[in-house]
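Structural features, examined
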Amino acid sequence: MPAEKHRVIAEAVFDAATADDAILSHTTAAVFHGLDVNASDLRHVHITRNRAGGGRRNGYRIVHGASYSTSDVAVVDGVRVTALPRTIADVARLLSFADAVCIADLAARTKNLTPEQVVAALDACANHPNNRQARRVAEFMNGKSESVGESRCRVVLHQLGYTPRLQVRVSDGNGVFARVDFYLDGTFTVIEFDGFVKYGRLVPAGETPADVAWKEKVREDRMRSGGAQVVRLTWSDLDRPEHIDRLIRAAADRARNSPRPTLLFA
């Protein structure tokens, strides 16, 4: 696995770094914190030294010169790395908005990291040139995104101008019967992201992918009978934002022309 390989290389590189103020940082620290990072972002081991400037790149290693405090340091399995808030702040400064959001969402969901903690880490290095783009990530991160695919989908929807609510419960006269990935208020339009895991390795015990697909169909039919429309997106759709926009607009139009909805979205 790329992350496991990166960790082994990072430990070897770090052992060779003799400076007392050297700590692993950025995407390398994210790996040590147990966060998924794209393989393409693991080509270099990131190290930060507690000084202003003096960054350099050498082989596998990128050394950053940036001040940090004792609260910015954590020890993971005996290795000094940046603490989680500082790690996400650094990642948000380094990576694209979409890539950084995926990692930040995961940290929020699995580590209970808050936007306020990331903003505080950013403010501690107020003069960093990439703080503005990183603050956008901190303000956008959301632990309700349950997968990398949902985070990517959320970024695309944001870029299209949509502000959906996440993990919304749907009910009718017989009670709550669904929880949907995204809901667009006022439009009775649901957006679901279909990643591979839903029909693959995360199928509940005792069920088959076909069982899961059938339940999804029954649930979707129930939503449509209640006046809502459902847009299903896959990984390939995320590369075609204009196509997504057309699907959403068409669904919202159908919902407006449907009988009065009987569903509640909470």
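The coordinates are above.
These remarks concern the structure in this document.

Conventions adopted
- Positions within a chain are numbered from 1, following the residues in the order the chain's sequence is written.
- Whole-chain, interface and lining totals are the exception, using all residues; otherwise, since this is a predicted model, local features are given only for residues with pLDDT of at least 70 and side-chain atom pairs are given and counted only at 80 or more.
- The side-chain figures draw on all heavy atoms in the structure; neither hydrogens nor water molecules are used.
- Only runs of H or I of at least four residues qualify as helices and only runs of E of at least two qualify as strands under DSSP, and these elements are numbered from the N terminus.
- When a residue's accessible area, from a 1.4 Å probe over protein chains only, is under 20% of the maximum for its type it is buried; when over 50% it is exposed; and in between it is partly exposed.
- Contacts between residues were defined by any pair of non-hydrogen atoms, one from each residue, lying within 4.5 Å.
- Residue-level accessible areas treat just the shown protein chains as cover; the underlying method is Shrake-Rupley with a 1.4 Å probe.
- By the counting scheme adopted, Arg and Lys are positive, Glu and Asp are negative, and His together with the chain ends is not counted.
- Here the site of a charge means NZ on Lys, CZ on Arg, CG on Asp, or CD on Glu.
- One bridge is not enough; two strands pair if DSSP finds at least two bridges between them.
- For every element, the axis is a line fit to its C-alpha atoms; helices are fit only across the contacting stretch, and the angle between N-to-C directions ranges from 0 to 180 degrees.
- Working definition: roughly parallel below 35 degrees, roughly antiparallel above 145 degrees, roughly perpendicular at 65 to 115 degrees, and oblique for all remaining angles.
- For a crossing to be left-handed, the near helix must be turned anticlockwise from the far one by less than a right angle; the clockwise case is right-handed.
- Note on residue classes: Ala, Val, Leu, Ile, Met, Phe, Trp, Tyr, Cys and Pro are nonpolar, Asp, Glu, Lys and Arg are charged, and everything else, Gly too, is polar.

Turning next to the overall build of the protein chain. Along its length, the protein chain carries 9 helices and 11 strands. The principal-axis extent of the C-alpha atoms belonging to the protein chain is close to 70 × 40 × 30 Å. Taken over 266 residues, the protein chain has a buried fraction of 48%. Relative to all contacts within the protein chain whose residues are 6 or more apart in sequence, the contacts with residues 24 or more apart total 59%. With an accessible surface of roughly 13,600 Å², the protein chain has 52% of that area assigned to carbon and sulfur atoms. For the protein chain, the distance from the average position of its 36 positive side-chain charges to the average position of its 32 negative side-chain charges is 3 Å.

Now for the sheet that holds strand 9 (residues 189-193). Across the sheet, which stays open at both edges, the 5 strands sit in the order 10-9-8-7-11 with mixed pairing between neighbours. Where the open sheet ends on each side, the last strands, each with one partner, are strand 10 (229-233) and strand 11 (264-265). Taken together, the 3 bridges between strand 8 (residues 175-184) and strand 9 define a ladder with antiparallel strand orientation. Bridge pairing in strand 9 places L184 opposite T189. Contacts from helix 7 (residues 148-159) reach strand 7 (165-172), strand 8, strand 9 and strand 10 within the one sheet, and its direction differs from that of strand 8 by about 55°. Here helix 9 (residues 241-256) sits on the sheet in contact with strand 8, strand 9 and strand 10, set at roughly 165° to strand 10.

Remark: helix 3 (residues 84-94) packs on helix 4 (residues 97-111), axes separated minimally by 9 Å, with the N-to-C direction vectors making an angle of 165°. As judged from the angle between their axes, helix 3 and helix 4 are roughly antiparallel. Considering the relative orientation of helix 3 and helix 4, their crossing is left-handed. Counted together, L84, I88, V91 and A92 of helix 3 and A100, I103, A104, A107 and K111 of helix 4 form the full contact between these two elements. Considered class by class, the residues forming the contact of helix 3 with helix 4 number 8 nonpolar, no polar and 1 charged.

Put simply, helix 4 and helix 6 (residues 131-140) touch, their axes get as near as 9 Å, and they point 40° apart. Between helix 4 and helix 6, the angle is such that the two are oblique. Helix 6 is crossed by helix 4, and the crossing has right-handed handedness. Between helix 4, through F97, A100, V101, A104 and D105, and helix 6, the contact on the second element is made entirely by R136, V137 and F140. Each residue belonging to the contact of helix 4 with helix 6 can be placed in one class, and the counts come to 6 nonpolar, no polar and 2 charged.

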